[in-house]
Amino acid sequence: MKLYYMPGACSLAPHIVANEAGIPLELRKVDGKAKTTEDGENFLDANPNGYVPALILEDGDMLTEASVVVQYLADRKPDTGLMPPAGSMARYRVQQWLSFVATELHKSLGVFFKPGTPEETKAANREHLERRLKHVDANLDGKTFLTGDTLTAADAYLWTVLGWTKFAAVDLSPFANVQRFMATVAARPAVVQALKAEGLA
Ligand SMILES: N[C@@H](CCC(=O)N[C@@H](CS)C(=O)NCC(=O)O)C(=O)O
């Protein structure tokens, strides 16, 4: 399978999940502004929406949306626990977190990377994010990961988007459980390997 990615972007979440699951990916780096790949392909031909992640499956079909791409990859290796079995309450919990990360965190942090975002929008988003971080921090209390002691696709996605807080001047220091979570996930070989492959470590 082929993953279109931008270094450190939300495409890092499926990259981490693939590494955790031991799924080899062909990586294609995308230039976010030019919308071309490092080997000169027009990324818009692959994904007219122009955003990553875009995963090209073995049959040539394309799958997008970070919260779904991570589930697809995790489901290739059910024994890893990256996604619990379909129909189980545990799976709905992971999906609840995936949706929370996508809608409450990812998009609120994304505005900080858009040129021309007004300062009032940034301030409002920081306030929103601090409220949501309080929720995440409370839920991580006494747990290693969002849903317990096993890393899931939702943890990979959460870790990826919270990595952007440093560029958004969102302070994680009041959130001790979140900070511990960030350090725990950062130390995983699958994460170190993904950062290295994206040229970030
Ligand atoms: N709806 C998409 C959004 C993905 C997204 O926001 N990707 C960003 C990087 S984190 C991107 O590629 N932005 C470039 C662009 O939109 O032109 C998803 O949930 O995966």
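Residues numbered from 1 in each chain as written. Predicted model: local features only at pLDDT ≥ 70, side-chain atom pairs only at ≥ 80, totals over all residues. Heavy atoms only, no water.

Caption draft 1: Spatial organisation of the nonpolar core. Ranked by internal contacts, the top residues of the largest apolar core, which has 59 residues, are Leu73, Leu105, Val136, Tyr157 and Trp159. For this core, the elements supplying multiple residues, two or more each, are strand 1 (2–5), helix 1 (12–21), helix 3 (66–76), helix 4 (89–110), helix 5 (119–139), helix 6 (153–162), helix 7 (176–186) and helix 8 (189–197). Looking at which domains feed residues into this core, each of domain 1 (2–80 + 190–197) and domain 2 (89–188) gives three or more. Residues within four places of Val136 in sequence aside, it is in contact with Trp97, Phe100, Leu105, Leu146, Leu158 and Val178. Met6, Ala9, Val30 and Val52 belong to the second largest nonpolar core, which has 9 residues in total. (Core = buried A, V, L, I, M, F, W, Y, C linked by side-chain atoms within 4.5 Å. Buried < 20%, exposed > 50% of the residue type's maximum accessible area, 1.4 Å probe, protein only. Helix = DSSP H or I, 4+ residues; strand = E, 2+ residues; numbered from the N terminus. Domains from an automatic or database assignment. Contact = heavy atoms within 4.5 Å.)

Caption draft 2: Spotlight on the site of the ligand. For the ligand, the set of nearby residues contains 13 residues, the closest of which are Cys10, Lys35, Val52, Glu65 and Ala66. In the model, an oxygen atom of the ligand is placed 3.3 Å from a nitrogen or oxygen of the His106 side chain. Contact between the ligand and Lys107: an oxygen atom at 3.2 Å from a side-chain N or O atom of the residue. Each residue belonging to the shell around the ligand can be placed in one class, and the counts come to 8 nonpolar, 2 polar and 3 charged. (Near = heavy atom within 4 Å. Polar contact = N/O pair within 3.5 Å; in protein donor to acceptor, adjacent residues only side chain to side chain. Nonpolar A, V, L, I, M, F, W, Y, C, P; charged D, E, K, R; others polar.)

Caption draft 3: Representation of the environment of Val136 within the structure. Relative to the helices and strands, Val136 is located in helix 5. Judged by its relative accessible area of 0%, Val136 is buried. Distance in space between the C-alpha atoms of Val136 and Lys33 is 32 Å, their sequence separation being 103 residues.

Caption draft 4: Up close: the packing of helix 5 against helix 7. Here helix 5 crosses helix 7 at 70°, and the two axes come no closer than 7 Å. With respect to each other, helix 5 and helix 7 are oriented roughly perpendicular. Contacts between helix 5 and helix 7 involve Leu133, Val136 and Asp137 from the first element and Ala176, Asn177 and Val178 from the second. The residue inventory of the contact of helix 5 with helix 7, partitioned by class, reads 4 nonpolar, 1 polar and 1 charged. (Axes fitted to C-alpha atoms, helices over the stretch in contact; angles between N-to-C directions. Parallel < 35°, antiparallel > 145°, perpendicular 65-115°, else oblique.)

Caption draft 5: Region of interest: the domain arrangement of the chain. One can read the domain layout of the chain as domain 1 (2–80 + 190–197) and domain 2 (89–188). Its C-alpha centre places domain 1 at a distance of 20 Å from the equivalent point of domain 2. Taken together, the 18 residues of domain 1 in the interface contact 16 residues of domain 2. Here domain 1 and domain 2 share an interface that buries about 1,300 Å² over both sides, 66% of which is from carbon and sulfur atoms. Linking domain 1 with domain 2 are 2 salt bridges, by the criterion used here. We note a salt bridge from Arg91 to Asp75, for which the minimum N-O separation is 2.8 Å. Linking domain 1 to domain 2 there are 8 residue pairs in polar contact (both at pLDDT 80 or more). (Buried area = accessible area lost by both parts, 1.4 Å probe. Salt bridge = Lys/Arg side-chain N within 4 Å of Asp/Glu carboxyl O.)

Caption draft 6: Summary view of the pattern of salt bridges. One pass over the structure, following the stated rule, counts 6 salt bridges. For the salt bridge of Glu119 with Lys122, the shortest nitrogen-to-oxygen distance reads 3.5 Å. Of the two residues, Glu119 and Lys122 both sit in helix 5, 3 residues apart, roughly one turn of that helix. Here Glu119 falls in the exposed class, since its relative accessible area comes to 52%.

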